[in-house]
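The chain contents come next:
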Amino acid sequence: MGGHSRHALHHVRQVIGRDPDAFTRGVFTRLFALDPDLRDLFPAQMSHLREAFFGVIDHALEVIPSDDGHTDLVELLAQLGRDHRKFGVLPAHYPLMCTALIGEFRALLDGYWDGDTEETVTQAMMLTTGVMRGAAEMASGPPTWTARVAEKYRITRDLAVVRLLSEDPLRFSVGQFLEVAIPQWPHEWRHLSPAIPPNEDGEIEFHVRAVPGGVVSSAIVSTTRVGDVWKLAQNHGTLHIERGHDVLMVAGGTGLAPLRALLIEMSKRADSPSTHIFYGMRYPGELYDLAVLARIASTNPWLRITAVSQESDDPWWLNSIASPEDLGVDHRIGLLPDVVAAEGDWSDHQALVVGSPQMVTATRRRLIIAGVRASRIQSDPVY
């Protein structure tokens, strides 16, 4: 890319970075003016969406004029194009977004907008929206599928297990997570991991904790009812077990779900590798699925379980069904990353770490310091 083109895109990025919120508001105002019906595709509150949108445009403006990173950018845009099908975005909408973007760039740059800048910026935005549109058109299968709530029960005041049945083929692999929308918040999509492997009966199980301020998770825990129909979309994630190495699993909270699904799948094999799972919560009574893990371990000698809690006793409002000691499970008190690091030598293990971003980051750091190769540590987004 020529020097002027590089300078033009760098300048555009600098200008929109001064006030990202104003830029995104301007783009969507222009988009809805071009086609008012598009407003119905978006949630009422768009602050989070605008933030994510700015991140994509900013990243594209950074990578396009650079000498590398193009392949990763194309893959990111293609995934976004496939993902956007679930919102009802059609191929015809992408040229409208391109027009809205260029119109906002022109207004913000004002006196700096000339013929060469317009050509450079137009090509960049046509590439950005064009890759998304092409990926959406090439995607196979319907953008969404449905499952009906068959059972829901609350474990604690902020934690629920939801079981669903789908008449559609299950489109995910064990260990992956799905995009999910519930009828109470049909335009808000969240990532949830099935806690059981896909099966021919169409059964799906999710473990959901109500996050403070989280409207969707709170609605699932408090208002989901049997018979509700959920929408599901893209499957993501690459958690998997590699043959040839012992396995370390670290699960924080409902991050247990995808690891639980993998353990259930592993229990069907005769050659599963030696596996040690550390399962942590704040209080012992919050280790809601410890009994299930204990049952799996009772018939699979390759599995070892260590329960971890920050506190040794439960508060008055929490009634645990069975303590780790009652189940014959090793119990450690402390922070999950600290306990894992102190428990043994993991340098020759593959590690799967799932939970809050703070826990994942801390555990990953401790494992790398302890000699575990970064390439052998797998993790997925927050739970």
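Keep in mind that what you see is a predicted model, and the values were worked out from it rather than measured.

Criteria and thresholds
Residues numbered from 1 in each chain as written. Predicted model: local features only at pLDDT ≥ 70, side-chain atom pairs only at ≥ 80, totals over all residues. Heavy atoms only, no water. Helix = DSSP H or I, 4+ residues; strand = E, 2+ residues; numbered from the N terminus. Core = buried A, V, L, I, M, F, W, Y, C linked by side-chain atoms within 4.5 Å. Buried < 20%, exposed > 50% of the residue type's maximum accessible area, 1.4 Å probe, protein only. Contact = heavy atoms within 4.5 Å. Pairing = 2+ DSSP bridges. Axes fitted to C-alpha atoms, helices over the stretch in contact; angles between N-to-C directions. Parallel < 35°, antiparallel > 145°, perpendicular 65-115°, else oblique. Nonpolar A, V, L, I, M, F, W, Y, C, P; charged D, E, K, R; others polar. Phe/Tyr/Trp six-rings, centres within 6.5 Å; stacked < 30°, edge-to-face > 60°. UniProt positions renumbered as here; feature names shortened; annotations may be inferred. Domains from an automatic or database assignment. Buried area = accessible area lost by both parts, 1.4 Å probe. Salt bridge = Lys/Arg side-chain N within 4 Å of Asp/Glu carboxyl O.

A. Structural view of unusual backbone geometry. Although it is not a glycine, Asp-110 sits at a positive phi angle of roughly 45°. With respect to the secondary-structure elements, Asp-110 resides in the loop between helix 5 (93-109) and helix 6 (115-138).

B. The nonpolar core, seen in detail. In this structure, Phe-23, Ile-57, Leu-101, Phe-105 and Met-125 are the most contacted members of the largest nonpolar core, which totals 41 residues. If we ignore the near neighbours within four places in the chain, the residues touching Ile-57 are Ile-16, Phe-23, Leu-101, Phe-105 and Met-125. If you look at the next biggest cluster of nonpolar residues, it comprises 28 residues, including Leu-239, Leu-293, Leu-303 and Ala-307.

C. Just the sheet that holds strand 7 (residues 247-252), in detail. One open sheet accounts for six strands, arranged 10-9-8-7-11-12; its pairing is parallel. Only two strands of the sheet have a single partner each, and these edge strands are strand 10 (330-333) and strand 12 (377-379). Strand-to-strand twist across the sheet, computed as the mean angle between neighbouring axes with direction ignored, equals 20°. Summarising the sheet, strand 7 and strand 11 (residues 350-354) pair through five bridges and their orientation is parallel. The residue bridging Ala-251 from the neighbouring strand is Val-354, located in strand 11. Strand contacts of helix 10 (residues 336-343): strand 7, strand 8 (275-281), strand 9 (303-309) and strand 10, with the helix running at about 155° to strand 8, the strand carrying the most contacts.

D. A look at helix 8 (residues 256-266). Taking burial as the measure, the eleven residues of helix 8 include nine buried ones, the bulk of the element. Buried residues of helix 8: Leu-256, Ala-257, Pro-258, Leu-259, Arg-260, Ala-261, Leu-262, Leu-263 and Met-266, and no others.

E. Broad picture of the pairing of strand 4 (residues 185-192). Note that strand 3 (residues 177-182) and strand 4 share four bridges and pair antiparallel. Counted as the bridge partner of Glu-179 is His-191 from strand 4. The antiparallel hairpin formed by strand 3 and strand 4 contains two residues in its connecting segment.

F. Here's a closer look at the packing of helix 2 (residues 20-34) against helix 3 (residues 47-63). Where helix 2 meets helix 3, the closest approach of the two axes is 9 Å, and the angle between their N-to-C directions is 95°. The angle between helix 2 and helix 3 falls in the class roughly perpendicular. For the pair helix 2 and helix 3, contact is made by Pro-20, Asp-21, Phe-23, Thr-24, Arg-25, Val-27 and Phe-28 and by Leu-49, Arg-50, Phe-53, Phe-54 and Ile-57, respectively. In the contact of helix 2 with helix 3, the residues fall into eight nonpolar, one polar and three charged.

G. Fine view of the packing of aromatic side chains. Tallied over the full model, the rule gives ten aromatic pairs. Ring plane angle 20° and centroid distance 5.4 Å describe the contact between Phe-23 and Phe-105, whose orientation is recorded as stacked. With Phe-23 in helix 2 and Phe-105 in helix 5, this pair connects stretches of sequence that are 82 residues apart. Between Phe-206 and Trp-230 the ring centres are 6.0 Å apart and the planes differ by 15°, which places this aromatic pair in the stacked class. You can see Phe-206 sitting in strand 5 (residues 203-209) and its partner Trp-230 sitting in strand 6 (residues 229-236), a full 24 residues away along the chain. With respect to burial, Phe-206 and Trp-230 carry one shared label: buried. An aromatic cluster is present here, built from Phe-28, Phe-32, Phe-42 and Phe-53 joined pairwise through their rings.

H. Just the UniProt feature "domain: FAD-binding FR-type" (unreviewed entry) in the protein, in detail. UniProt tags residues 142-260 as "domain: FAD-binding FR-type" (unreviewed entry). Annotation note: span residues 142-260, helix share 12%, strand share 45%, distance between end C-alpha atoms 28 Å.

I. Quick look at the domain arrangement of the protein. Along its sequence, the protein is organised into domain 1 (4-138), domain 2 (145-236) and domain 3 (247-379). Relative to domain 3, the C-alpha centre of domain 2 lies at a distance of 23 Å. With 15 residues of domain 2 at the contact, the number on the domain 3 side is 14 residues. Taking both partners together, domain 2 and domain 3 bury about 1300 Å²; carbon and sulfur atoms supply 68% of that area. Contact with domain 3 buries surface across domain 2, with Pro-197, His-207 and Arg-209 losing the most and accounting together for 35% of the total. At the boundary of domain 2 and domain 3, one finds one salt bridge. Residue Arg-260 pairs with Glu-205 through a salt bridge whose shortest N-O separation is 3.4 Å. Residue assignment for the side of domain 2 that touches domain 3 shows that the elements contributing at least two residues are strand 1 (145-156) and strand 5.

J. Looking closely at the environment of Ile-241. With respect to the helices and strands, Ile-241 occurs in the loop between strand 6 and strand 7. Here the alpha-carbon distance between Ile-241 and Leu-38, two residues 203 residues apart in the chain, equals 43 Å. Contacts of Ile-241, omitting those with residues within four sequence positions, involve Val-247, Met-249, Met-266, Pro-273, Gln-350 and Leu-352.

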